[in-house]
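Here is what each chain is made of, one letter per residue.
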Amino acid sequence: MIVLNLLRHLASRQGPFLALCSALFALFHFLICAAVSSANVGAALEALMHSLPPLLQNLVTTQFFGGLSERGLVAFGWNHPVSHAIGTAVAIVLAARAVAGEIESGAAELLFSQPLARGTYCGTHVLFALLSLGLLSLAGVVGTSLGQAAFDMPLFGAGALLTLALDFFLLQSAWYGIALAFSSYGHEGGRVAGIGFLLAVVSFFAQAIGRLWSAAAFVLPWTLHHYFSPQTILVENGSPWRLFLMLFAVTSAGIALAAWRFRRRDLP
Amino acid sequence: MTALEVAGLTKRYGTVRALHDVSFSVSAGEIFGYLGPNGAGKTTTLRILAGLAHPDTGTARLLGAPAGRAAVRERVGYLPGELRLYGSMTASAILERFARFRPHRPPVLRQLLLDVLGLSPADLARRIKLLSHGTKQKIGLVIAMQHDPDVLLLDEPTNGLDPLVQRAFRTVLQERAAAGRAVLLSSHILSEVEATCHRVAVLRAGEMLAVEAVEALRARIVRRLQLRARTALPNSLSNTPGVAKAEINGCDAVLWIQGDLNPVLRAVAQLDVERFVFAEPQLEDVFLGFFAGAGS
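Reading guide: rules and limits
- Every chain is numbered independently, its residues counted from 1 as its sequence is written.
- Labels follow written order: the first chain is A, the first ligand is 1, and so on.
- Where totals are concerned, whole chains, interfaces and linings use all residues; where local detail is concerned, this predicted model gives features only for residues with pLDDT of at least 70, and gives and counts side-chain atom pairs only at 80 or more.
- Secondary structure is summarised from DSSP: a helix means a run of H or I of at least four residues, a strand means a run of E of at least two, and numbering begins at the N terminus for each.
- In this scheme every C-beta is placed from the backbone, and a residue whose C-beta has 20 or more other C-beta atoms within 10 Å is buried, one with 12 or fewer is exposed, and one in between is partly exposed.
- By definition, residues are in contact whenever their C-beta atoms, placed on the basis of the backbone, come within 7 Å of each other.
- Each residue gets one label: Ala, Val, Leu, Ile, Met, Phe, Trp, Tyr, Cys and Pro are nonpolar, Asp, Glu, Lys and Arg are charged, and the others, such as Gly, are polar.
- As used throughout, a nonpolar core is a set of buried Ala, Val, Leu, Ile, Met, Phe, Trp, Tyr and Cys residues joined through C-beta atoms within 7 Å of each other.
- Axis geometry follows a simple rule: fit a line to the C-alpha atoms, using only the stretch in contact for helices, then measure angles between N-to-C directions, giving values from 0 to 180 degrees.
- Each crossing gets its handedness from the near helix: less than a right angle anticlockwise from the far helix is left-handed, clockwise is right-handed.
- Strands qualify as paired when DSSP identifies two bridges or more between them.

Participant: Got a sec to walk through the overall build of chain B? Specific residues and values, please.
Facilitator: Of the regular secondary structure elements, chain B holds 10 helices and 14 strands. Taking the principal axes of the C-alpha coordinates as reference, chain B spans close to 70 × 45 × 35 Å. Within chain B, the fraction of its 296 residues that count as buried is 40%. Residue pairs in contact within chain B that sit at least 24 positions apart in sequence constitute 70% of those at least 6 positions apart.

Right, dumping it as structure tokens:
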């Protein structure tokens, strides 16, 4: 009953934000398919590649885009900064609002004086966030599937798309776990969100540089984005389990740290 | 039966000592005043009892169970000192939302409280951010009390309420106490504690100065009387029983009186008085009484 009450409250507070982000996310992936199919983006990029040194051409086409095929470009759409920005925004905003944001709003004192165990509160927030991120990931898959169907592109197949959605879900869950750990120490949701976004931006650019420049490749294992690889799943049909495992471990560690801290901290 | 008990409570925030070895208990049916100036540690004590903060040492128990346990809060009502609510929700939605946290304790007192506090259906239909400070405080009181809790923890409950509503609210508190509920009422307003409570704890800088019956507190209070007579006032006025201190300057005098007022009133009745001002005692007057007693 208490969990349902809390879930209902979260749905009413976060619902519009989540609906907007999911719609944008689906639309973005639909538009990626439209862009890839309507203009000859592959040829345009290939022409652009010719202006680069041969070593860089190889790096860009294989490491970053997963090849300049339609599949590779749609996969790149999932690694596009806009795609990451939407997913990470949902993950970090939900985490920042969970503890630090609640304290900042001032309502925490009254809320946590209710017969609501902190473990229950934390668990319900995690459940809500994971459901939200799952729905967001599925919205992206729906956008890609509709785009492929609408523009007569070769289909990836349900298995590949669901695996991709799972990888994206785990990446954003990992950001959620990290941000929730910060949130459980913080008093201001805005500051927690700022730190989370900064880490996500650094991680994204570090992995992009690491992929394009072999001398910087050593940073790759230290970036979360390295463990999200649409190319591996959609283009190379590689095994994603190592990626999943790492993202799951980061998510679990972040949530466990957050729960540990949250149970012990003074409120507000 | 003891409803609430704290023993040896100590709490520091960094280098600031919020509470030091505070102990007291409140019985069922008792309204217990927790009196002290701002920063004395009242809010910290209430937060520990509400399960929001953890003491460094000492214990806090409610209804026989540790205060931090969520299950015990089912039977507790808490009003924070700085109440803030979700601004975008309506008052009625907030009341309903908080009532749902206690599925086994329906909001049996809600209507009574709405009537006593003068909250209209129009108030309840408005968003919280559009309500005045006083109306928000009333909503906070309804949230704290609507489920008829066995223990009430109220931090400055009449803050922002007009005097008529304050009086009506005091009556409700007294009725709840008569029904066996325990009330811990924190305040820095002496008159409120005097008018409402059975016993009182006086706190200053995190330390408990005393726990005593309100009558004993009254006897301690040093009250200030300002006098102006048409003729010069006699210096013998300062020797009247109960006068702790006197400043007599011709026709004007200020008398600090502790304990029984009657000897002073009888002495004043002999005079040709032009002005007689008996100021409402303030919290400082209580502390003055303590230090006068201690010879400090």
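Read on for the rest.
Participant: Which residues make up the interface of chain A and chain B, and what are the values?
Facilitator: Across the contact, 17 residues belong to chain A and 22 residues belong to chain B. Listing elements by their share of the side of chain A that touches chain B, those giving two or more residues are helix H1 (2–38) and helix H6 (108–111) of chain A. Residue contributions to the side of chain A that touches chain B peak at 3 residues, all from H1(A). Per-class residue counts for the side of chain A that touches chain B are 9 nonpolar, 6 polar and 2 charged.

Participant: So what's going on with the nonpolar core? Residues and values would help.
Facilitator: A:Val90, A:Ala95, A:Trp175, A:Ala179, B:Leu153, B:Val183 and B:Leu184 are the most contacted members of the largest nonpolar core, which totals 144 residues. In terms of residues, this core owes the most to one element, helix H8 (residues 158–185) of chain A, which gives 15 residues. Contact partners of A:Trp175, with chain neighbours within four places excluded, come to A:Thr88, A:Ala91, A:Ile92, A:Gly196, A:Ala200 and A:Leu224.

Participant: Which residues make up unusual backbone geometry, and what are the values?
Facilitator: Here the bond from A:Leu267 into A:Pro268 is cis, since omega is 0°, no more than 30 degrees from zero. Tracing the sequence through the fold places A:Pro268 in the segment after helix H11 (241–264). Despite not being glycine, B:Asp21 has its phi angle at roughly 50°, a positive value. Tracing the backbone shows B:Asp21 in strand E2 (residues 16–27). A positive phi is found at B:Leu63, a non-glycine position, where the angle reads about 50°. Mapped onto the secondary structure, B:Leu63 falls in the loop between strand E4 (57–62) and strand E5 (65–66). By the C-beta count within 10 Å, which is 21 here, B:Leu63 ends up buried.

Participant: Pulling in residues and values, what's your account of the packing of helix H7 (residues 118–150) of chain A against H8(A)?
Facilitator: Residues and elements named next belong to chain A. In the contact formed by H7 and H8, the axes pass within 9 Å of each other and the chain directions differ by 145°. As for the relative orientation of H7 and H8, their crossing is right-handed in sense. The residues of H8 that touch H7, namely those facing Ala129, Leu130, Leu133, Gly134, Ser137, Leu138, Gly140, Val141, Thr144 and Ser145, are Leu161, Leu162, Leu164, Ala165, Phe168, Phe169, Gln172, Ser173 and Tyr176. Residues belonging to the contact of H7 with H8 are distributed by class as follows: 12 nonpolar, 7 polar and no charged.

Participant: Describe the sheet that holds strand E1 (residues 2–13) of chain B, with residues and values.
Facilitator: Residues and elements named next belong to chain B. Strand order in the open sheet formed by 4 strands is E2-E1-E4-E5, with antiparallel pairing between adjacent strands. Every other strand in the sheet has two partners, leaving E2 and E5 as the edge strands with one partner each. Relative to E5, E4 runs antiparallel, the two sharing 2 bridges. By the bridge assignment for E5, Arg61 is matched with Pro66. Across the face of the sheet, helix H1 (residues 42–49) comes into contact with E1, E2 and E4 while running at roughly 120° to E1.

Participant: Quick one: what's the story with the environment of B:Gly68, residue by residue and with numbers?
Facilitator: All names here are of chain B. With respect to the helices and strands, Gly68 occurs in the loop between E5 and strand E6 (76–79). C-beta crowding within 10 Å serves as the criterion here: with 21 such atoms nearby, Gly68 is assigned to the buried category. When the C-alpha positions of Gly68 and His54 are compared, they lie 8.0 Å apart, and in sequence the two are 14 residues distant.

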